[in-house]
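# Secondary and tertiary structure notes
Chain by chain, the residues:
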Amino acid sequence: MSDVHALVLTGYGLNCDHETAYALELAGASATRVHINSLIDGSVKLKDFQMMVFGGGFSWGDDHGGGVIQAVRLKTNIGDNILEFIEKGNLVLGICNGFQTLVNLGLLPGFDGDYKTRSVALTYNDCGNFRDDWVNLKVNAASPCVFTRGLDQMELPIRHGEGKFYSDESTIKRLFDNKQVVLQYATRDGELADCRRPFNPNGSISDIAGICDTTGRIFGLMPHPEAFSHWTSHPDWTRIKEEMKRQGGSGDSGVTVGIRLFQNAVKFF
Amino acid sequence: MPYQLEITLKTDLFDAEGEGIRQKAENYFGIELAQVRTIRVLTIDVNLSADHLEKIRTEIFTNPVTDISSYAPLPVDFDWTIWVGYRPGVKDNPGSTAMEAVEDILGIKTGPDEAIYTSKRYCLKGDGLTAKDADMIAGELLANDLIQQWKIIPQKQWNPKKGTGMIIPKVILNHEPTVTSVPIDSDATLKKISDERNLALNPNDIPIIRAYFLDKKVQAERALAGLSEPTDIELEYISQARSDHCNHNTFQGLFRYKEGADGSVEIVDNLFETCIKAPTLELKEKKPWVVSVLWDNAGAGRFDDDHYYVITGETHNSPSNMEAYGGAITGIVGVYRDPLGTGKGSKLVMGSYGFCVGPRDYDGDLRPKLHPRRLLDGVIEGVRDGGNKSGIPTPFGQVLFHQGYMGKCLVFVTAVGIMPATVDGKPAEQKTTSPGEMVIMCGGRVGKDGIHGVTASSEVFSENTPAGHVQIGDPYTQKKMHDFLLEARDEGLIQFITDNGGGGLSSSVGESALFSNGCEIQLEKVPLKYEGLDQWEIWISESQERMTVAVRPEDIQRFLSLSEKHAVESTVIGTYADSGKLHITYNGKTCAYVNLDLLKSGFPQWEFDAEWLSPHDRGMTEPVLSEPRDYDRLLMDMLSRPNICSKEWITRQYDHEVQGTSVIKPLVGEDRDVNSDAAVISKLETGNWKLETGNLKLETGGKGLAFSQALLPAYSVIDAYHMTSCTIDEAVRRLIAVGGNLEHIGGVDNFCWPNIQYHPENNPDGKFKAAQLVRSCRALRDMCMAYEIPLLSGKDSMYVDGHLPGKYGETHKVSAPETLQFSCIGVIDDITKCVTMDAKIPGDLVYVLGATRDELGASEYYEHFGHIGKNVPGVFPDQFIPVYKGLCHAIKEELVASVHGIYRGGLGVHLAMVAMGGNIGMNVDLSLVPAEQVSRNDVILFSESAGRFIVTIDPANRKKFETIFKGMPCACIGEITNGSDFIAKGIDKRTLLNVPVQQLKTAWKSPFAGLI
C-alpha cells in the first residue's frame, strides 16, 4: 500500500470518481472513493488523507451554476475541516466540476490565505454549449503549482458547458503577478490561443484553464488529466503508433502527461 | 407568501444563451434582434424570513463575480420581454435541486406544500419587433405549449415593480382517490369504456377479459376479497400488459404472406419466434460467450473471466415528436435503467443515439407540431443532457434526414453496461423473487406523469393524442440511484431488480411477481409528488427514475441505510408471495385481485394480411442517366448532402470520454474531425479493477468493447429485405473496421415501422408494409445466421405515422420509411491493435477489398438526382465472410495503417473521407477497383455495394497483406501522396478527379458549418 492517501469525492451526480481514483493509483497513491455524506456524517475523516480530490461531474445537476450547490453543502457542513486539512500542508485538486466547486468555496484563488472569498468564476462557455474536445495547454513553469512541476505542455480533454474563466481585470492581473495562472489554452504549436476557438474552447479570459493558490498546493483546472491515463486515450494514438512503428517502435509512448500530473502530487509527500 | 428572485449575468458578461436565441431567431424566422439577455427566475413558495431570503440569494443563487440579482424585477433593457415557465406537474429539475440546497444551507425541513419553481425571462431588443415576432419566438423557439406556459409583455406595458407577476405552477387536484368498478355486461360496454378511458384494449381481447371476470370460480374468489366487477386499476393493469409496446403483439402475430397479387398464401406464424428467438437460441449453443438473452431488460455477453457486458436499445419516438427535449432526455435516461435492471444490476459504460427527422431546411406546406429543425435541436439537447449528466460516455451516434420522418421522428437510444460475473458468490446475471421478500420502489416519486404513455405509443399520432405523457427525465436523481444500487448489489442486498419504464409499477411489479408467483401491494405506501391521484394512476404512472427491487427482510435495514447515505428515496410498498395473485390494497381495502396467469391464457393472436409486390411489379426501373463530366463538382456536392456531410457540431456536444475509457473516439484523423467507423471503449471502468500501484507499464491495453450501428432506410423503398441485410452488413463492417472480431458479434435490432394493419381508407398500403416487415425479419434471420450474430436484445416501435395539417385545412398521413437500426457489439482482445479510418503516412498503398457491382438503386447518388432506380445492393455472406476474416487477421497482425468501410455514398465519398481524415493527398486509379460487370466511372464511384472496405498499408507489408486476400476481390488502387490533392483516374486511365483535399473537406463541412 502506498503511504499517500488520496480521497476522491463521490455522490450527488459526481461522475469521474472511478477513473480519478484509478489515475491516482497508477501514479502511486492509495485512492479511496468517499461519498460526500460519509465525510459529512463523520464516518470517513479527512485527517486520514493527504490529498483531497474534487472530481468532475454534474453535482446537483449543476442547475444553479457549476459546483455551486456542492460548495454550499461542503462549506455549510465541513467547511472548517477542509480549511484545517489545507492548513496542515495537504494537497487539494479540483478537476472540471471540482474546479468550479473550489472557486465557489473560495479555496481558489486564495489570495493572502483567504480561502473563503469568491473572486473568480467559471461561467457559461461562449459557444453556448457543452463541448468535448482535446486542447493543448501551456504550463507556467514559474508557478508554485505542485502538480505541474517539470511539465511544459499538456494535451488533455475538456468536457464542459461552464468553463469560461472570468474575473475582473485587477484580479486577473493579480493572478498573473502571483504566478497563480498555471495552465493556459494554447494552439497545437504551443502558442497561446489568444481566445481563438477551438484552441480556447470556452472564451476564458487570458486563455486561463487552471489556477493554483499562492502555496501551489491547491490546484484547479477545467481539463481532465484522469482521462489521459493510457497512451490509447490520446485522440491521435493510432497515428502516433503507426509513425513509431515505421521507426521500429511499438506505439507505447509511456507514462502519460495526465498520470505525471498525479505523480507530481504523490512525489510531493 | 411566495417570493420571486431574478438573476442575470452582469452586463459586461457575454450572454451565450441569449446570443444563441438571437441567432436562431434570425436563421429560423428571419427576425433580426439586436440583443437577447436571459434572466433566471426562481419563484420561492417557501415560508422564509428576510434573513434567510438574503442568505440563499447571496450564497446559493447569485455568483458574486458574474451575477446580479434581486427580489424585485431586474431593470434589464428590452423592447419585448417573454417569460417562460413550466406548466403544473411538469418535472422541474432545477427547482428540486434548489430546494435541496435551501434546506441544507438553512438547516430547515420544508413542508409538503412548499416548493421552488424555476422559469426564465428573456429580454429582447430589436428595431420594429412586432407582437407577431414575439409570439413566434415564444411559441416556436423558447417554449412548447405541452409543457410550458408563457407571457409576452411589450415595454410600454411593463410595470417595473410588478414585473411579470407571479405564477405558481403548483398541482392542486382536490380529489379524493377513488376506485371505480367497470360494468362488463357486454363486449360493447367494455369497448366503450376502453375508448372513453383511453385503455386502448384490442377489441379481440375484450371477450377474453370478460370471460375471466365472469368465470364463477374467479367471481367466488373475488367476492372473498370484497370485489365483484373489474375495477379500473385491474383493467388498466391488463391493458398495459397487453399493449403492443409491452407485449409485441405485432411480432408475435400471424401473417398471411403472399408474393404478387395472385401468389399463394404462406402462413407466417410469429416473426419473433421464427426470426429472432430461434436463430438466437441456435447461435447461443455455438457461442459460449452468450450469457443471457431473450428474457431480461438487456442481453448479456461475456467480456472477460470476471465480467459480462449487457446491451439494449430503445426508441422514444412519440414523446420526442411532441416535446423534443423532454422526450429525448426521458428516452436516454430511461434506456439507461435497462442495464441497471439487468441481472442483479449493471454499471452503465456507454450510450449512443440515432436521430431520424425531416429535412432540417424543410419549407413545404406541411405543419408538423415541431419543425424538423427545432425537433432536431431539442432531441440533440435532450440526449446530451441525459447522457452527460449521467456520467456515461456517448461515443457513437447517427443523424438521418428523410421527409418520411416528418410524421413522426425516430429517437433511438442504446445503452451498454458491465456487470461482474458473480455477486456474493452467485451468478450475477440470474435473479428471482421469492415469497416473503420486500417489494421496494427506489428513486423518484409518483405523479400523473406519463399516464397512458405505453398505450399512446401503440397508436398513430393524431391531433387528439393526449399530451399528458410528455415527461422530462432527471439524470441527476437517476445517477444517485445508480450509484446507490450498484453499492447495494455489491453487498449482495439485491435479489431482483427491474426498472419502472413503460407501464410503471404495473409492469415492473406485475412482471417481477411472476417469478415468486404473487404479490401483495399496499398502494398507499407509494410516495407521491402531490396528493389526489387515483389508485389506478399510482399503479400505471410512468414517473421516471424509479426501479423496483426485491430485498430479503433481513437485508432491509442495511438496504435502506445505504439508500439514505446516497440521498435516494426507497420505500417498501409490499411483499412478494406465492398466491398466484396480484393483490393490491389501498388503506386495507382490496382494489385489485387478479390471477397472474390471466395474461398467459388464450388471448388471440393478432393477424395481418401481407402482400408483397416486387420492384418489377411496382414498375420500378433504373433511370436513364448519362455519365456526368464534372466529377470534381459532383463529388463536392455529394459530400455536402445532408446525410453525408459533417455533423461535428452534434458529436462534440456529447461527452464521449467520461469514465476514462475512450479508445476509438467518434471523430478521428489529424484534425479529429472525420467520423470513425465505430467506437471502442476499454475495460478500465469495470469498477473492480485491481492494479499493483505504480505499475505503469501495461503489456497491452487489455480488452475493450467495440460498438457500431447502422441505418439505411432509403433502401426500403425498393425492398425491406435488402434494407435489412445491408444495414446489418454495414454494422458488421463498421465493427470489423476498428478491430472487432467476426467470431464475437452481438446484435441489437430496433425496428421502427409504419402501421401494417390494412384498412381500405386509413391504411390502404398496410398489406405491403406488412409484407415488408415479414421480408425484413427474414433478412434479419438470414444475416444473423450467416454472420453468426445472436440477437442480445431488440425492440419494435410499430406506429411511425403522423397526420400533418397542410395548407388548406386538409391533413396528410405521412409514414416513415421502414427502418431498422442495427447495433453490433463485440469484445476486442487487445485495444492497442485497434485502427482508425484516416490515411496516415505518404507512400502508403490504398486497397479496396470487396467487389463493386452496379448497385445504385436507392443510392445517395440517385437520390441526388431525384431518382430511385431498382438495383438495390445485395449482401452475399458467402463471398464476404472470407474477406472479413482476412481483414480481422490483417488487423490482428498489425499489417494495416487504416481501415474504412464503404457505406452510403459509395467509394468516391469514402475515399475522400480517408484522405480528409489524414489531411493528405491520395492518387487512385478506378480501373483497378475490383468490380463485377461495371463499365462506368459513376457506378464505381457511387454504387453502394455491400461488403467493401478501403485499407491503407505500409508498402513494406504489401506481400503479407496480399497473401491473406489471395483469390479474393482485393486490389491496390493507388497510394497516399505527399501532395494535398485527391486525384482519381477513370476507367479509361484519364484523370477524372483532381481536387485539393481541403476543398473536399470544406464542401463536406459547409452545410452545418455555422452551428456549434
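Residues numbered from 1 in each chain as written. Chains lettered and ligands numbered in written order. Predicted model: local features only at pLDDT ≥ 70, side-chain atom pairs only at ≥ 80, totals over all residues. Heavy atoms only, no water.

With an unreviewed UniProt entry as reference, chain B is termed Phosphoribosylformylglycinamidine synthase subunit PurL, source organism Desulfonema magnum.

The name an unreviewed UniProt entry assigns to chain A is Phosphoribosylformylglycinamidine synthase subunit, from the organism Desulfonema magnum.

## Focus: the domain arrangement of chain B
Entries for chain B in the domain assignment read domain 1 (3-157) and domain 2 (835-1012). Each of domain 1 of chain B and domain 2 of chain B was reduced to a C-alpha centroid, and the two centroids are 52 Å apart. (Domains from an automatic or database assignment.)

## Observations concerning the environment of K870(B)
Among the structural elements, K870(B) can be located in the loop between α23 (860-864) and α24 (877-892). Measuring from C-alpha to C-alpha, the distance between K870(B) and T621(B) comes to 5.3 Å, with 249 residues separating the pair along the chain. (Helix = DSSP H or I, 4+ residues; strand = E, 2+ residues; numbered from the N terminus.)

## Side note on helix α2 (residues 50-61) of chain B
Between its terminal C-alpha atoms α2(B) stretches 15 Å, which fits the 16 Å expected from twelve residues at 1.5 Å a residue. Residues of α2(B) that are buried: L53(B), I56(B), R57(B), I60(B) and F61(B). The arc enclosing the buried residues of α2(B), seen along the axis, measures out at 115 degrees, which places them on a common side. Those residues of α2(B) that are exposed and angled more than 90 degrees off the buried face are A50(B) and D51(B). Summarising the contacts, the buried residues of α2(B) are in contact with α3 (68-87) of chain A together with β1 (3-9), β2 (35-45), β3 (67-70) and α3 (93-106) of chain B. (Expected span 1.5 Å × (residues − 1). Buried < 20%, exposed > 50% of the residue type's maximum accessible area, 1.4 Å probe, protein only. Arc of directions from axis to C-beta. Contact = heavy atoms within 4.5 Å.)

## Side note on the pattern of salt bridges
Enumeration according to the criterion identifies 88 salt bridges over all chains in this entry. Close ionic contact of R159(A) with D655(B) constitutes a salt bridge, the shortest N to O distance being 2.9 Å. Residue R159(A) is found in strand β7 (residues 153-160), and its partner D655(B) is found in the loop between α20 (648-651) and β25 (662-664); the two belong to separate chains. The burial state of R159(A) is the same as that of D655(B); both residues are buried. A salt bridge links D79(B) to K125(B), with the shortest nitrogen-to-oxygen separation between them at 3.9 Å. With D79(B) in the loop between β3 and β4 (80-86) and K125(B) in strand β5 (residues 115-125), the pair connects residues that are 46 residues apart, well separated along the chain. Since its relative accessible area comes to 24%, D79(B) is described here as partly exposed. Linked through salt bridges whose partners overlap, the residues forming this network are R131(A), D133(A), E648(B), R652(B), D671(B), D673(B), K1001(B) and K1005(B). (Salt bridge = Lys/Arg side-chain N within 4 Å of Asp/Glu carboxyl O.)

## Some thoughts on the nonpolar core
With 103 residues, the main nonpolar core has M52(A), F147(A), F219(A) and I60(B) as its most contacted residues. Ranked by the residues each element gives to this core, the list is headed by α3(A), at ten residues. (Core = buried A, V, L, I, M, F, W, Y, C linked by side-chain atoms within 4.5 Å.)

## Some points on the interface of chain B and chain A
In this assembly, 88 residues from chain B lie in contact with 72 residues from chain A. Between chain B and chain A, the buried area comes to about 6600 Å², and carbon and sulfur atoms account for 54% of it. For E894(B), the salt bridge identified is with K241(A), shortest N-O distance 2.7 Å. Taken together, the links from chain B to chain A amount to 34 residue pairs in polar contact (both at pLDDT 80 or more). Elements with a minimum of two residues in the side of chain B that touches chain A: β2, α2, α3, α13 (372-388), α15 (475-490), α18 (556-565), β25 and α25 (906-918) of chain B. At eight residues, the largest contribution of residues to the side of chain B that touches chain A is made by α3(B). A per-class count over the side of chain B that touches chain A returns 33 nonpolar, 27 polar and 28 charged. (Buried area = accessible area lost by both parts, 1.4 Å probe. Polar contact = N/O pair within 3.5 Å; in protein donor to acceptor, adjacent residues only side chain to side chain. Nonpolar A, V, L, I, M, F, W, Y, C, P; charged D, E, K, R; others polar.)

## Some thoughts on the environment of I147(B)
With respect to the helices and strands, I147(B) occurs in the loop between α4 (131-142) and β6 (148-154). Linking I147(B) and Y86(B), residues 61 residues apart in sequence, is a C-alpha distance of 5.8 Å.

## Quick word on empty space enclosed by the protein
On inspection of all chains with the given rule, the structure shows nine cavities of 30 Å³ or more. Forming the walls of the largest cavity are 20 residues, and the residues nearest its centre are H64(A), G65(A), N63(B), T66(B) and D67(B). Looking at the lining of the largest cavity residue by residue, the classes come out as seven nonpolar, nine polar and four charged. Put simply, the second largest cavity is a space of about 90 Å³. In terms of lining residues, the second largest cavity is bounded by 14 residues, among which K241(A), E242(A), C834(B), V835(B) and V896(B) are the most central. No other element matches the five residues that helix α6 (residues 237-246) of chain A contributes to the lining of the second largest cavity. (1 Å grid on protein atoms, 1.4 Å probe; cavity = no way out; pocket = protein on both sides within 12 Å on 5 of 7 lines; lining within 4 Å. Points joined across faces, edges and corners; volume = space filled by probe spheres on them.)

## Here we look at the side chain of S725(B)
If you trace the backbone, S725(B) turns up in helix α21 (residues 720-737). The residues touching S725(B), leaving out its near neighbours within four places in the chain, are A779(B), M783(B) and V875(B).

## So, the packing of aromatic side chains
Going through the model one piece at a time under the given rule, you end up with 31 aromatic pairs over all chains. Geometrically, the ring pair formed by W134(A) and F228(A) is edge-to-face, given 5.2 Å between the ring centres and 75 degrees between the ring planes. Placement of the pair is W134(A) in strand β6 (residues 131-139) and F228(A) in the loop between β11 (218-221) and α6, with a sequence separation of 94 residues. Like W134(A), the residue F228(A) is buried in the burial classification. Aromatic side chains Y787(B) and Y884(B) sit 5.8 Å apart centroid to centroid with 20 degrees between the ring planes, which places their arrangement in the stacked category. Note that Y787(B) is positioned in helix α22 (residues 766-787) and Y884(B) in helix α24, a separation of 97 residues in sequence. Y884(B) carries the same exposure label as Y787(B), and that label is buried. What links up through ring pairs into an aromatic cluster is the set Y787(B), F876(B), F880(B), Y884(B) and F949(B). Here the basic side chain of R734(B) rests over the ring of Y903(B), its NZ or CZ set 4.1 Å away from the ring centre. (Phe/Tyr/Trp six-rings, centres within 6.5 Å; stacked < 30°, edge-to-face > 60°. Lys NZ or Arg CZ within 6 Å of the ring centre and 35° of its normal.)

## Some details on a nonpolar patch on the surface
Residues and elements named next belong to chain B. On the surface, W295, L514 and F515 cluster together to form a nonpolar patch covering roughly 290 Å² of accessible area. Assignment of secondary structure puts L514 in helix α16 (residues 504-516). Classification of L514 as partly exposed rests on a relative accessible area of 40%. (Patch = residues over 30% accessible without salt bridge, like charges linked within 9 Å, V, L, I, M, F, W, Y side chains within 5 Å. Areas by Shrake-Rupley, 256 points an atom, 1.4 Å probe, with all protein chains shown as cover.)

## Quick notes on the UniProt feature "binding site: Mg(2+) 1" (unreviewed entry) in chain B
Residues and elements named next belong to chain B. Taking the numbering used here, the UniProt-annotated feature "binding site: Mg(2+) 1" (unreviewed entry) corresponds to E314. In this structure, E314 sits in strand β11 (residues 307-315). If we skip the residues at most four places from it in the chain, E314 touches V335, D338, V411, F412, V413, N750 and K795. (UniProt positions renumbered as here; feature names shortened; annotations may be inferred.)

## Comments concerning the sheet that holds strand β34 (residues 819-828) of chain B
Residue and element names in this part refer to chain B. The six strands lie next to each other as β25-β28-β29-β34-β30-β31, forming an open sheet whose pairing is mixed. Strands at the two margins of the open sheet, each flanked by one partner only, are β25 and β31 (791-797). Ignoring which end each strand starts from, the neighbouring axes of this sheet average 20 degrees apart. Both β25 and strand β28 (residues 679-682) contribute to a ladder of two bridges, which runs antiparallel. Within β28, the residue paired with I664 across the bridge is V680. Its contacts with the sheet put α22 on β30 (746-752), β31 and β34, and the angle it makes with β30 is roughly 175 degrees. (Pairing = 2+ DSSP bridges. Axes fitted to C-alpha atoms, helices over the stretch in contact; angles between N-to-C directions.)

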